[in-house]
Amino acid sequence: MRPEQINETIQRAVNEIFLRELEHDEGVLVTVTRAEVSKDHETARVFVQVFPETAAPRVVQQLRGKRHFFSVLLRDHVRGGTMPELVFVRETPELAPSL
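About the cut-offs
In every chain, residue numbers begin from 1 and rise along the written sequence. Where totals are concerned, whole chains, interfaces and linings use all residues; where local detail is concerned, this predicted model gives features only for residues with pLDDT of at least 70, and gives and counts side-chain atom pairs only at 80 or more. For the side-chain quantities, the full set of heavy atoms in the structure was used; hydrogens and water were omitted. Helix and strand assignments follow DSSP, with helices taken as H or I runs no shorter than four residues and strands as E runs no shorter than two, numbered in order from the N terminus. Note on classification: 1.4 Å probe, protein chains only; a residue is buried when its accessible area is under 20% of the maximum for its type, exposed when over 50%, partly exposed between these limits. Residue contacts are defined here by distance: any two heavy atoms, one from each residue, within 4.5 Å place the two residues in contact. Two aromatic rings from Phe, Tyr or Trp, using only the six-membered ring of Trp, form a pair when their centres are within 6.5 Å; if the ring planes differ by under 30 degrees the pair is stacked, by over 60 it is edge-to-face, and anything between is tilted. We count a charge as sitting over a ring when the NZ of a lysine or the CZ of an arginine lies within 6 Å of the ring centre and within 35 degrees of the ring normal. To form a nonpolar core, buried Ala, Val, Leu, Ile, Met, Phe, Trp, Tyr and Cys residues must be joined to one another through side-chain atoms within 4.5 Å. The directions from the helix axis to the C-beta atoms are what the arc is built from. When a carboxyl oxygen of Asp or Glu lies within 4 Å of a side-chain nitrogen of Lys or Arg, that pair is called a salt bridge.

Draft legend 1. Region of the structure containing the overall build of the protein chain. Looking only at helices and strands, one finds three helices and three strands in the protein chain. Reading the protein chain from its N end, one meets helices and strands in the order α-β-β-α-α-β. Evaluated residue by residue, the protein chain yields a buried proportion of 35% over its 99 residues. At a minimum sequence separation of 6, the contacts of the protein chain that also span at least 24 residues come to 59%.

What follows is the structure, given as structure tokens:
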């Protein structure tokens, strides 16, 4: 798989896991905006946007605590090679790619 395909697969799969497996507080929306796998495929930064912003620090901390849970479920989606370690990052305007 090309790096772009891996990034898209991880982004899509983590979004699906959010919808199916995680419970969120009422009124909190979490979206994966992108994923970036390192060149050595050891890590994947998963960028998330949280609404409302006031919930973001708590939600990102919870996601970081569930990295193993996500890795186990992602193995079904990402084939070939080892699963990169997931690093959840809060998406901010400064980090967002320019269009």
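Draft legend 2. Here's a closer look at the packing of aromatic side chains. For the structure shown, the criterion picks out three aromatic pairs. A centroid spacing of 5.6 Å and a plane angle of 85° characterise the contact between F18 and F70, whose relative ring orientation is edge-to-face. One end of the pair, F18, is in helix 1 (residues 3-21); the other, F70, is in helix 3 (residues 67-74), and 52 residues separate them in sequence. The residues F18 and F70 share a single accessibility class, namely buried. Ring plane angle 80° and centroid distance 5.7 Å describe the contact between F69 and F70, whose orientation is recorded as edge-to-face. Judged by relative accessible area, which is 31%, F69 ranks as partly exposed. Three or more aromatic residues joined by ring pairs form one cluster here, namely F18, F69, F70 and F88. The aromatic ring of F47 is capped on one face by R34, whose charged end is 3.7 Å from the ring centroid.

Draft legend 3. Spotlight on the nonpolar core. Membership of the largest hydrophobic core comes to 26 residues, with the highest contact counts inside it found for I10, V14, F18, V48, L63, F70 and F88. Broken down by secondary-structure element, the contributors of at least two residues to this core are helix 1, strand 1 (29-37), strand 2 (43-51), helix 2 (56-65), helix 3 and strand 3 (85-90).

Draft legend 4. Inspection of helix 3 at higher detail. Of all the residues in helix 3, the buried ones are F70, S71 and L74. The buried residues of helix 3 occupy an angular sector of 100° when the element is viewed end-on, so they sit on one face. Looking at the buried side of helix 3, the elements it contacts are helix 1, helix 2 and strand 3.

Draft legend 5. Quick peek at the pattern of salt bridges. A complete count under the given rule lists seven salt bridges for this structure. The structure contains a network of salt bridges with shared partners spanning R34, E36, R45 and E91.

Draft legend 6. Local environment of the side chain of N7. One can find N7 in helix 1. Owing to a relative accessible area of 18%, N7 belongs among the buried residues under this scheme. Those residues in contact with N7, other than ones at most four positions away along the chain, are A35, E36 and V37.

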